[in-house]
Amino acid sequence: DFNHAMTKNQPTMPTGYTLGIAWFPNQDILISADLDYFQISAKNKRDVLNISTGIEYYLNNNHLVRAGLFTNNDNDVEPNASTESVEQVDLLGISFGSSIFTGPTMLTVGAVLTRGEGKAQISDSNPSEIKNSLRETYSFGLAISYNID
């Protein structure tokens, strides 16, 4: 049956739950935190919890700086002899940036750095061969926005 084959081969999507809070202790500082839980029922996958925290500081009415700390946990299980082509690396990241406002225009520059260590199966022909894995990412961004009234 065509419909059964299509349903059987569709990827399983995770269910996500998010809880966040933000607090202005004064007019110049914003502190925020998020918890993200992803639940999935699929072969070689696991549920994960990610945590994000951040702070923004308004230097004046036209300039702010921000920084954050977050996890980006891998939903793959740790590789073992019964898994195939699995890499499981949980990441820890930091982000920082700055925005300048002039009238309806905002210029933002920022960076996100992540790093994590884990395990990886690098050979389909030998699933018992599991190596240490290191993953690092460095992302830089520039954004310009204009508010049209």
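The residue numbering used here restarts from 1 in each chain and proceeds along that chain's sequence as written. Per-residue local features of the predicted model are confined to residues with pLDDT of at least 70, and side-chain atom pairs are confined, for both listing and counting, to 80 or more; whole-chain, interface and lining totals are unaffected and use all residues. Each side-chain value is derived from all of the structure's non-hydrogen atoms; neither hydrogens nor water enter the calculation.

S.K.: Please provide a residue-by-residue account of the pattern of salt bridges, values included.
M.R.: Salt-bridge detection follows one rule: a side-chain nitrogen of Lys or Arg within 4 Å of a carboxyl oxygen of Asp or Glu. For the structure shown, the criterion picks out 7 salt bridges. Ionic pairing is found between E56 and R66, a salt bridge with its closest N-O pair at 3.0 Å. With E56 in strand β3 (residues 48–60) and R66 in strand β4 (residues 63–72), this pair connects stretches of sequence that are 10 residues apart. Of the charged contacts, one joins E136 and R115 as a salt bridge, the two residues approaching to 3.0 Å between their closest N and O atoms. Labels follow the DSSP assignment, with helices taken as runs of H or I lasting at least four residues and strands as runs of E lasting at least two, numbered in each case from the N terminus.

S.K.: I'd like to hear about the confidence of the model for the protein, residue by residue, with values.
M.R.: The quantity called pLDDT is the predictor's confidence in a given residue, expressed from 0 to 100. On average, residues of the protein score 90 in pLDDT, and 93% of them reach the 70 mark or higher. Taken element by element, the predicted model of the protein shows its lowest mean pLDDT in helix α1 (residues 2–9) (55) and its highest in β4 (98).

S.K.: Can you break down the pairing of strand β7 (residues 105–121) residue by residue, with the values?
M.R.: Of the pairings in the sheet, the one linking strand β5 (residues 87–89) to β7 comprises 3 bridges and is antiparallel in character. Bridge pairing in β7 links E87 to A120. Here β7 pairs with strand β8 (residues 130–146) via 17 bridges, running antiparallel. Bridging across to β8, E117 finds its partner in L134. Here, strands pair whenever DSSP counts at least two bridges between them.

S.K.: Give me the lowdown on unusual backbone geometry, citing residues and values where you can.
M.R.: Residue N44 is not a glycine yet carries a positive backbone phi of 65°. Examined against the element boundaries, N44 turns out to sit in the loop between β2 (29–39) and β3. For S85, which is not a glycine, the phi torsion comes out positive at approximately 50°. Checked against the element boundaries, S85 lands in the loop between β4 and β5. For S85, a relative accessible area of 48% translates into the label partly exposed. The buried label applies to any residue whose accessible area, calculated with a 1.4 Å probe on protein chains only, is under 20% of its type's maximum; exposed applies above 50%, and partly exposed to all values in between.

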